[in-house]
Amino acid sequence: MNISVVGTGYVGLVTGTCFAEMGNNVICVDIDTEKIEKLKKGIIPIYEPGLEDMVVNNHNKGNLSFTTNIEEGLDKSDICFIAVGTPMGEDGSADLKYVLAVAKSIGEKMSHHMYVIDKSTVPVGTADKVRETIQKALKERESDLTFDIISNPEFLKEGAAVEDFMKPDRVVIGTDNENAKAVMRELYAPFTRSHDRFIDMDIRSAEMTKYTANAMLATKISFMNEIANICERVGADINMVRHGIGSDSRIGYSFIYPGCGYGGSCFPKDVQALAKTAKEYGYTPRILDAVEKVNENQKHVIPRKVFNYFGEDLAGRTFAVWGLAFKPETDDMREASSITIINDLTSRGAKIKAYDPKAIHEAKSFYLKDNPNIEYVDSKYDALTDADAMILVTEWKEFRSPDFDEIKKRLKKPIIFDGRNQYNMTKLNKEGFEYFQIGVKG
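All of the points below concern the structure found in this document. All of these numbers come straight from a predicted model, not from anything done at the bench.

**A look at the overall build of the protein chain**
Broken down by element type, the protein chain carries 18 helices and 14 strands. Its C-alpha atoms give the protein chain a radius of gyration of 24 Å, within 12% of the compact-globule value 22 Å for 442 residues. Along the first, second and third principal axes, the C-alpha atoms of the protein chain reach 75 × 45 × 40 Å. Here the protein chain holds 442 residues, and 55% of them are scored as buried. Taking contacts inside the protein chain between residues at least 6 apart in sequence as the whole, the part at least 24 apart equals 73%. Across the protein chain, the centroid of the 57 positively charged side chains sits 4 Å from that of the 67 negatively charged ones.

**What about the sheet that holds strand β14 (residues 434-436)?**
The strand order β11-β10-β9-β12-β13-β14 describes an open sheet built from six strands, whose pairing is parallel. For this open sheet the edge positions go to β11 (374-376) and β14, each flanked by a neighbour on one side alone. Ignoring strand direction, the axes of neighbouring strands in this sheet form an average angle of 20 degrees. Looking at chain direction, strand β12 (residues 389-392) and strand β13 (residues 415-418) are connected through three bridges and run parallel. Looking at β13, one finds that L392 is bridged to D418. Sheet strands in contact with helix α13 (residues 301-310) are β9 (318-322), β12, β13 and β14, and its direction is about 155 degrees off that of β13.

**Some details on the pairing of strand β1 (residues 2-6)**
Within β1, four of the five residues are buried, which leaves the element mostly enclosed by the surrounding structure. Note that β1 and strand β2 (residues 25-29) share five bridges and pair parallel. Each residue of the ladder has a partner; that of N2, found in β2, is N25. Taking the sense of rotation as the criterion, the β-α-β connection linking β1, helix α1 (residues 10-21) and β2 turns out right-handed. Pairing analysis gives four bridges linking β1 to strand β4 (residues 79-82), with the strands arranged parallel. Bridge pairing in β4 places V5 opposite F81.

**A short note on the pairing of β4**
Within a regular strand, side chains alternate between the sheet's two faces. Burial along β4 is two-sided: the residues I79 and F81 and C80 and I82 are all buried. Two strands pair when backbone bridges link them, and β4 and strand β5 (residues 114-118) are joined in this way by four bridges, in the parallel orientation. Residue pairing for β5: I79 is matched across the bridge by Y115. For the crossover that starts at β4, traverses helix α5 (residues 97-109) and ends in the parallel β5, the hand is right-handed.

**Some words on α5**
The end-to-end C-alpha distance of α5 is 18 Å, a good match for the 18 Å that 13 residues give at a rise of 1.5 Å each. Taken together, the buried positions of α5 are V99, V102, A103, I106 and G107. All buried residues of α5 project into a common sector of 140 degrees when viewed along the axis, lining one side. The inward-facing, buried residues of α5 contact β1, α4 (70-75), β4, β5 and α6 (126-140).

**Quick look at helix α12 (residues 286-298)**
Between its first and last C-alpha atoms α12 spans 18 Å; for 13 residues at 1.5 Å apiece the expected length is 18 Å, and the two agree. Here α12 has its buried residues at L288, D289, V291, V294, N295 and Q298. Packing partners of the buried residues in α12 comprise α9 (203-234), α11 (267-280) and α13.

**Examining the nonpolar core**
Membership of the largest hydrophobic core comes to 61 residues, with the highest contact counts inside it found for F319, W322, L324, L345, M390 and I407. Take this core: its biggest share by element is five residues, from α13. Not counting residues up to four positions away in its chain, the partners in contact with M390 are A320, W322, L384, I407, L411, I415, I416, F417 and Y423. Among the nonpolar cores identified, the runner-up in size contains 39 residues, and I3, M166, M184 and Y188 belong to it.

**Quick word on the pattern of salt bridges**
Taken as a whole, this structure holds 32 salt bridges when the rule is applied. Of the charged contacts, one joins K157 and D164 as a salt bridge, the two residues approaching to 3.0 Å between their closest N and O atoms. Taking relative accessible area as the criterion, K157 reaches 39% and is therefore assigned partly exposed. Given a relative accessible area of 13%, D164 falls into the buried group. Its salt-bridge partner being E406, residue K409 comes within 3.3 Å of it at the nearest N-O pair. One end of the pair is K409 and the other is E406, both in helix α17 (residues 404-410) and three residues apart, which spans about a single turn. For K409, a relative accessible area of 62% puts it in the exposed group. One connected set of salt bridges, linked through shared partners, spans D382, E406, K409 and R410.

Each value, and the rule that gives it
- Residues numbered from 1 in each chain as written.
- Predicted model: local features only at pLDDT ≥ 70, side-chain atom pairs only at ≥ 80, totals over all residues.
- Heavy atoms only, no water.
- Helix = DSSP H or I, 4+ residues; strand = E, 2+ residues; numbered from the N terminus.
- Rg over C-alpha atoms; globule rule 2.2 N^0.38 Å.
- Buried < 20%, exposed > 50% of the residue type's maximum accessible area, 1.4 Å probe, protein only.
- Contact = heavy atoms within 4.5 Å.
- Lys, Arg positive; Asp, Glu negative; His and termini not counted.
- Charge placed at Lys NZ, Arg CZ, Asp CG, Glu CD.
- Pairing = 2+ DSSP bridges.
- Axes fitted to C-alpha atoms, helices over the stretch in contact; angles between N-to-C directions.
- Right-handed = clockwise from strand over helix to strand, strands pointing away.
- Expected span 1.5 Å × (residues − 1).
- Arc of directions from axis to C-beta.
- Core = buried A, V, L, I, M, F, W, Y, C linked by side-chain atoms within 4.5 Å.
- Salt bridge = Lys/Arg side-chain N within 4 Å of Asp/Glu carboxyl O.

Here's what the structure looks like:
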């Protein structure tokens, strides 16, 4: 099938590349000339396991191409995915200006019937706005061309996006047209052959499904962090509580790990956008508001533990920070807990020595570029040298089984603040560490 994907960010590039991998002819469109030229050379703007090789291989085969010309993309395709960003506005709503700009361009440049698919995460009712925008542009052209609008939300986990796309849990399609549904079923057939994971519904329900999924997962995280904070105060151990409730099949173990807060491009933005939508329709979303407030507070828990131990004045103190990305296997630092933790500490006079396998460039060039009190190092152990304590923020695999003798040797004193509860407290205490976790008194 002939496909165009507008937007070569995280969702768009993964979507276009995976469709190309299955033999479709895909052309990815973006207004960023520098990004497109780099993609043509095999230079990928994001880190995602397996993606770079897949992009290069399919580009070399000729079934994945890149352009800045949306008219070229539309002329060479029958199916167009809108996969541009929907950044969070100041009021918490999703900003649709990029989505609607693409819709306008489609209406102005399309030359035959198109299946237009919202892949971006968008509020309920966006498909109607996209339809109106395209129709208005066609009317101004005095064109009688036709098109179908389809909602096809993505459910990709950063760090496992390629695998998620190639082996989806489900493919949700929202449409009001049986022919459009058939086209989408054919398009996704190679990805769902072993199990029929194709779920069709009306457009607004599909739009709502994406927000609901992310809000539910964020709720589980904030709920467990709330319980962790209670555990610390009553003398319970959140790690044992987690095992106790996770064994219940109705609850399970997924997304019930305590930590220093969630981040990324989805959960923070989608929780706030869904809450904003609810308020626009006259409903006060008390749970969603609480989820967001708990998460923002959780990002300050580790700094508060540091202040309780070292005092509020951290002048002359240096802390080793392991992990900058909001989660492992990505370089994404959007809404990352590391930003809050580092800024809290440096605002009290501390110096930071930071290490992350993939996200240092992001920190240096954007998220922490204005903070002069950070030294970036090339290895996790280099960060420890002469530091007053180590702070674990992101649970990268290389942090799971470190050399604790080396940690003890390099730190001024063997002190660890663990924002992800990665290590065995009893073992470390026996080895002479002062070890602080989330949800455990100490």
